Amino acid sequence: MNVKIHTDYIELQQLLKLTDWISTGGEAKIAVKKLNIYVNGIKEGRRGKKLFPGDKVVIQGKEYEVTK
């Protein structure tokens, strides 16, 4: 699934909200610890991780690609 952005980058916590994994930004801190999240094949635990077009994110086995 593609996640289209209109800025240079998006933070992981924003992607989690856009894809309905969380409903508020406050939930991001817990979500990044509980969910299996990989960015470009590397385990990620920082909610503020910057994601750029072309980055591939896998959350609990569901794949997303950041596009512009």
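What you see is a predicted model; the values in this text were computed from it and never measured.

A. Representation of the overall build of the protein chain. Helix and strand counts for the protein chain come out as two helices and seven strands. Counting from the amino terminus, helix and strand elements in the protein chain follow one another as β-β-α-α-β-β-β-β-β. A compact globule built from 68 residues would reach a C-alpha radius of gyration of about 11 Å, and the protein chain, at 11 Å, matches this within 12%. Within the protein chain, the proportion of its 68 residues that are buried is 31%. For the protein chain, contacts bridging at least 24 residues in sequence account for 47% of all contacts bridging at least 6. Carbon and sulfur atoms form 50% of the exposed surface of the protein chain, whose accessible area is close to 4,400 Å². Here the protein chain contributes 13 positively and 8 negatively charged side chains, and the mean placements of these two sets differ by 5 Å.

B. Spatial organisation of the side chain of Thr19. In this structure, Thr19 sits in the loop between helix H1 (12–18) and helix H2 (28–34). Discounting residues that sit within four places of it in the chain, Thr19 has contacts with Val3 and Tyr64.

C. Geometry of the sheet that holds strand S7 (residues 62–67). Pairing in this open sheet of five strands is mixed, and the strands run S1-S7-S6-S3-S4 from one edge to the other. A single partner strand is all that each edge strand has here, and the edge strands are strand S1 (2–4) and strand S4 (42–43). Note that S1 and S7 share three bridges and pair parallel. Opposite Lys4, over in S7, you have Thr67 as the bridge partner.

D. Structural view of the pairing of strand S6 (residues 56–59). Of the two faces of S6, the one lined by Val57 and Ile59 is fully buried and the one lined by Lys56 and Val58 carries no buried residue. With three bridges joining them, strand S3 (residues 37–39) and S6 adopt antiparallel strand pairing. Its bridge partner lying in S6, Val39 is registered against Val57. The pairing of S6 with S7 spans four bridges and is antiparallel. Each bridged residue has a counterpart across the sheet, and for Val57 the counterpart in S7 is Tyr64. Following S6, the chain reverses through two residues before pairing antiparallel with S7; Gln60 in that reversal takes a positive phi of roughly 50°.

The rules behind the values
- Residues numbered from 1 in each chain as written.
- Predicted model: local features only at pLDDT ≥ 70, side-chain atom pairs only at ≥ 80, totals over all residues.
- Heavy atoms only, no water.
- Helix = DSSP H or I, 4+ residues; strand = E, 2+ residues; numbered from the N terminus.
- Rg over C-alpha atoms; globule rule 2.2 N^0.38 Å.
- Buried < 20%, exposed > 50% of the residue type's maximum accessible area, 1.4 Å probe, protein only.
- Contact = heavy atoms within 4.5 Å.
- Areas by Shrake-Rupley, 256 points an atom, 1.4 Å probe, with all protein chains shown as cover.
- Lys, Arg positive; Asp, Glu negative; His and termini not counted.
- Charge placed at Lys NZ, Arg CZ, Asp CG, Glu CD.
- Pairing = 2+ DSSP bridges.

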